[in-house]
Amino acid sequence: MLKGKVAIVTGGSRGIGKAIVYKLASMGADVAVIYAGNAAAAEAVCKECAETYGVTARSYCCNVADFSDAKQTVTAIKKDFGGAHILVNNAGITRDGLIAMMPEDDFDAVIATNLKGTFNMIRHCTGLFMRAKEGCIINISSVSGLMGNAGQVNYAASKAGVVGITKSVAKELAAKNIRCNAIAPGFIQTDMTGAQGENPLLDMIPLGRMGRPDDIADAAAYLVTANYVTGEVLRVDGGIAM
Ligand code: NAI
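Structural notes, computed from the coordinates. (Residues numbered from 1 in each chain as written. Predicted model: local features only at pLDDT ≥ 70, side-chain atom pairs only at ≥ 80, totals over all residues. Heavy atoms only, no water.)

Topic: helix α6 (residues 153-173)
Here comes step 1: The end-to-end C-alpha separation of α6 is 30 Å, in line with the 30 Å expected for 21 residues at 1.5 Å each.
Here comes step 2: Looking at α6, one finds that the buried residues are N154, Y155, A156, S158, K159, V162, V163, I165, T166, V169, A170 and L173.
Here comes step 3: As for α6, its buried residues are in contact with α4 (104-132), β5 (135-140), α5 (143-147), β6 (178-185), α7 (191-194) and β7 (233-236). (Helix = DSSP H or I, 4+ residues; strand = E, 2+ residues; numbered from the N terminus. Expected span 1.5 Å × (residues − 1). Buried < 20%, exposed > 50% of the residue type's maximum accessible area, 1.4 Å probe, protein only. Contact = heavy atoms within 4.5 Å.)

Dropping the structure here:
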């Protein structure tokens, strides 16, 4: 279904990003896996994609928060794959804390990775999409960005900002056949939430369980194929934010 397409996934070496990489590879896409530090994990994901799905998969170390690093990485992907058609902005971090005590660095770091990183990657990939005369961008937001969450002013601000980027890019680039959508996951079982321990909000999830990375990957697969959908924010949250 995605044979001949090239997908870039940031933070693709673990958690939700890894599930999305496998899903897009299973649909036939070649994949560029961007990782922040764990080269062995990223390589293992690429090896699995090549062996299981027969696609081309390469890993790239890149700090998406850094404008020129992101540019160099997109240039390298263009050289290796010849272009790109899909971008999934999944890389993200949390630095939770109450606003009265939140260090400035914790605010800046979360905005830099989650919000500026999303801008950086779209900024540098747009030329490739225009050349290909098509593009599909999926930004991973969060229900925190829709509802707010005590202890997450930095994270919620970054994820609400991602919604603003999504809708603006969708309007700006629709005429170029480039779609841009967001997914707002609820509480998904990954290293990110694992570090926060048992989730106190579990009782508030109508579907009664935390989500799995595959739940988000399924939503990404839908958005990649949904040719008449742009500017949408798709909640995948067990009903928590309705
Ligand atoms: P994770 O912590 O398991 O994975 C995040 C990935 O992003 C890691 O591979 C990390 O190395 C990478 N990354 C972080 N900073 C980076 C940078 N500056 N440059 C390049 N890569 C970087 O987290 P998880 O849970 O898989 O989350 C993925 C996305 O989903 C994040 O954007 C997160 O905010 C979002 N999300 C997660 C939820 C959850 O409950 N796990 C809920 C809502 C949204």
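So, next bit.
Description of the packing of aromatic side chains
Here comes step 1: Taken as a whole and judged by the stated rule, the model has one aromatic pair.
Here comes step 2: When the ring of F67 is compared with that of F119, the centres are 6.3 Å apart and the planes differ by 20°; the resulting orientation is stacked. Taken together, the residues F67 in helix α3 (residues 67-81) and F119 in helix α4 connect sequence positions 52 residues apart. (Phe/Tyr/Trp six-rings, centres within 6.5 Å; stacked < 30°, edge-to-face > 60°.)

Comments concerning the packing of helix α1 (residues 15-26) against helix α8 (residues 213-225)
Here comes step 1: Two elements in contact, α1 and α8, have axes whose closest approach is 8 Å; the angle formed by their N-to-C orientations is 45°. Judged by the inter-axis angle, α1 sits oblique to α8. The element α1 and its partner α8 pack so that their crossing is right-handed. Across the interface between the two elements, G15, I16, A19, I20, K23 and L24 of α1 pack against P213, D214, I216, A217, D218, A220, A221 and V224 of α8.
Here comes step 2: Broken down by class, the residue content of the contact of α1 with α8 amounts to 10 nonpolar, one polar and three charged. (Axes fitted to C-alpha atoms, helices over the stretch in contact; angles between N-to-C directions. Parallel < 35°, antiparallel > 145°, perpendicular 65-115°, else oblique. Left-handed = near helix turned anticlockwise from the far one by under 90°. Nonpolar A, V, L, I, M, F, W, Y, C, P; charged D, E, K, R; others polar.)

Section: unusual backbone geometry
Here comes step 1: If you check the backbone angles, K133 has positive phi at about 60° while not being a glycine.
Here comes step 2: Position of K133 relative to the elements: it lies in the loop between α4 and β5.
Here comes step 3: Since its relative accessible area comes to 63%, K133 is described here as exposed.

Details of the site of the ligand
Here comes step 1: The full set close to the ligand counts 27 residues, and R14, N90, Y155, I188 and T190 are the nearest of them.
Here comes step 2: A distance of 2.7 Å separates an oxygen atom of the ligand from a polar side-chain atom of R14.
Here comes step 3: Taking G186, its main chain carries an N or O atom lying 3.4 Å from an oxygen atom of the ligand.
Here comes step 4: In isolation the ligand exposes 820 Å². Once the protein is present, 92% of that is buried.
Here comes step 5: Mapping the ligand onto the cavity grids shows that it belongs to the largest pocket.
Here comes step 6: Listing elements by their share of the shell around the ligand, those giving two or more residues are α1, α6 and α7.
Here comes step 7: For the shell around the ligand, the leading source of residues is α7, giving three residues. (Near = heavy atom within 4 Å. Polar contact = N/O pair within 3.5 Å; in protein donor to acceptor, adjacent residues only side chain to side chain. Areas by Shrake-Rupley, 256 points an atom, 1.4 Å probe, with all protein chains shown as cover. 1 Å grid on protein atoms, 1.4 Å probe; cavity = no way out; pocket = protein on both sides within 12 Å on 5 of 7 lines; lining within 4 Å. Sits in = over half its atoms within 2 Å of the grid points.)

Regarding the side chain of D237
Here comes step 1: Note on placement: D237 falls in the segment after β7.
Here comes step 2: Among the residues examined, D237 registers a relative accessible area of 8% and is labelled buried.
Here comes step 3: A distance of 2.9 Å separates a polar atom in the side chain of D237 from a polar atom in the side chain of R235.
Here comes step 4: One polar contact links the side chain of D237 to the main-chain amide nitrogen of A241, over a distance of 2.8 Å.

Here's the deal with the sheet that holds strand β4 (residues 86-89)
Here comes step 1: Pairing is parallel across the open sheet formed by seven strands, whose spatial order is β3-β2-β1-β4-β5-β6-β7. Whereas interior strands pair on both sides, the edge strands pair on one side only; in this sheet they are β3 (57-61) and β7. For this sheet the average axis-to-axis angle between neighbouring strands, irrespective of direction, equals 20°.
Here comes step 2: Inspection of the sheet shows β4 paired to β5 by four bridges, in the parallel sense. Residue pairing for β5: N89 is matched across the bridge by N139.
Here comes step 3: The sheet contacts of α3 involve β1 (6-10), β2 (30-35) and β3, and relative to β3 the element is tilted by about 160°.
Here comes step 4: Across the sheet, α4 touches β1, β2, β4, β5 and β6, and the angle it forms with β4 is around 180°. (Pairing = 2+ DSSP bridges.)

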